[in-house]
Amino acid sequence: DVKVTQSSRYLVKRTGEKVFLECVQDMDHENMFWYRQDPGLGLRLIYFSYDVKMKEKGDIPEGYSVSREKKERFSLILESASTNQTSMYLCASRQRDTGELFFGEGSRLTVL
Amino acid sequence: AQSVSQHNHHVILSEAASLELGCNYSYGGTVNLFWYVQYPGQHLQLLLKYFSGDPLVKGIKGFEAEFIKSKFSFNLRKPSVQWSDTAEYFCAVILNAGNMLTFGGGTRLMVKP
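Each value, and the rule that gives it
- Residues numbered from 1 in each chain as written.
- Chains lettered and ligands numbered in written order.
- Predicted model: local features only at pLDDT ≥ 70, side-chain atom pairs only at ≥ 80, totals over all residues.
- Heavy atoms only, no water.
- Helix = DSSP H or I, 4+ residues; strand = E, 2+ residues; numbered from the N terminus.
- Rg over C-alpha atoms; globule rule 2.2 N^0.38 Å.
- Areas by Shrake-Rupley, 256 points an atom, 1.4 Å probe, with all protein chains shown as cover.
- Pairing = 2+ DSSP bridges.
- Axes fitted to C-alpha atoms, helices over the stretch in contact; angles between N-to-C directions.
- Contact = heavy atoms within 4.5 Å.
- Buried area = accessible area lost by both parts, 1.4 Å probe.
- Polar contact = N/O pair within 3.5 Å; in protein donor to acceptor, adjacent residues only side chain to side chain.
- Nonpolar A, V, L, I, M, F, W, Y, C, P; charged D, E, K, R; others polar.
- Salt bridge = Lys/Arg side-chain N within 4 Å of Asp/Glu carboxyl O.
- Buried < 20%, exposed > 50% of the residue type's maximum accessible area, 1.4 Å probe, protein only.
- 1 Å grid on protein atoms, 1.4 Å probe; cavity = no way out; pocket = protein on both sides within 12 Å on 5 of 7 lines; lining within 4 Å.
- Points joined across faces, edges and corners; volume = space filled by probe spheres on them.

Asks: Account for the overall build of chain A, with residues named and values stated.
Replies: Scanning chain A for helices and strands turns up zero helices and 11 strands. Each helix and strand of chain A, ordered N terminal to C terminal, gives the series β-β-β-β-β-β-β-β-β-β-β. Computed over C-alpha atoms, the radius of gyration of chain A comes to 13 Å, within 12% of the 13 Å expected from 2.2 N^0.38 for 112 residues, which places it in the range of a compact globule. Dimensions of chain A, computed from the C-alpha atoms along their principal axes, are close to 40 × 30 × 25 Å. In the structure as shown, chain A presents an accessible area of about 5600 Å², 48% of it carried by carbon and sulfur atoms.

See the structure below:
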């Protein structure tokens, strides 16, 4: 089974702090994604990566950056957290032949 | 820009009732279509997908969806829901075999026992 593991299930940070969210997948997928999930808005794509060191902005990249130094790991970085970044963050990796996304369990971030 | 609309934000049904959740997308080109489900406290998982061929696709747990190209729709159906179907359901679309999956806003389904 594909496994996508997010490092933290729950985080509480203060405004202005730097936040790292890490995601690891074990199926050698090239494509990895970071979404945020908010009630009524569904999932919105922040960034995705189609290979090591390759990244592309999604629909809402402002205030975020990403890092993909190794194929299995895709990190989301909030340089200076703000209260409007309080959300559930979901990482996913994509199986090339079927197009299916496999999701992690999510990281719920609260910024005070 | 491409968009995906799920018109029902909240649905409440009794067990054994039939279910239909609407999904419409705004792009007229080639699309790949998905329904994902998120049970309380769990991660998103794939219910079913459509890439090509028979427009009526069957997924896990008795769910099915029909792709109607002329209506830009991919509605999810189940003839008889169970309490365990209580979850949030998301429709998603990929354009032209690209990389970016666009999600709808989700529908919260509550099934009363």
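Asks: Please provide a residue-by-residue account of the sheet that holds strand β3 (residues 19-25) of chain A, values included.
Replies: Residues and elements named next belong to chain A. What the four strands build is an open sheet, ordered β1-β3-β8-β7; its pairing is antiparallel. In this open sheet, the two edge strands, each paired with only one partner strand, are β1 (4-6) and β7 (65-70). For this sheet the average axis-to-axis angle between neighbouring strands, irrespective of direction, equals 20°.

Asks: Quick rundown of the interface of chain A and chain B? Include the residues and the values.
Replies: How big an interface is tends to be stated in terms of accessible area lost as the parts join. Every contact between the two is made by 25 residues of chain A and, on the other side, 19 residues of chain B. By the criterion of area lost to chain B, the three top residues of chain A are L43, R94 and F103 of chain A, representing 26% of everything that side buries. Our count for the contact surface shared by chain A and chain B stands at four residue pairs in polar contact (both at pLDDT 80 or more). Of all elements in the fold, only β4 (31-38), β5 (42-51), β6 (54-57), β9 (87-94) and β10 (101-103) of chain A reach the threshold of two or more residues within the side of chain A that touches chain B. Here the element with the most residues in the side of chain A that touches chain B is β5 of chain A; it accounts for five residues. Its residues assigned to classes, the side of chain A that touches chain B shows 10 nonpolar, eight polar and seven charged.

Asks: Report on the pattern of salt bridges, specifying residues and quantitative values.
Replies: One pass over the structure, following the stated rule, counts 13 salt bridges over all chains. One salt bridge connects R96 of chain A with E30 of chain A, and the closest N-O pair in it is separated by 2.3 Å. One end of the pair, R96 of chain A, is in the loop between β9 and β10; the other, E30 of chain A, is in the loop between β3 and β4, with 66 residues separating them in the sequence. On the basis of relative accessible area, E30 of chain A is assigned to the partly exposed category, the value being 28%. Between E88 of chain B and R108 of chain B there is a salt bridge, and its shortest N-O distance comes to 3.6 Å. One end of the pair, E88 of chain B, is in strand β10 (residues 87-95); the other, R108 of chain B, is in strand β12 (residues 107-112), and 20 residues separate them in sequence. Overlapping salt bridges, with partners in common, bring together K58, E64, E66 and R77 of chain B in one network.

Asks: Got a sec to walk through the layout of surface pockets? Specific residues and values, please.
Replies: The space that makes up the largest pocket amounts to roughly 570 Å³. Q37 and R108 of chain A together with Q38, E88 and R108 of chain B are, among the 28 residues lining the largest pocket, the residues nearest its centre. Within the residue set of the lining of the largest pocket, elements represented by two or more residues are β4 and β9 of chain A together with β2 (10-14), β10 and β12 of chain B.

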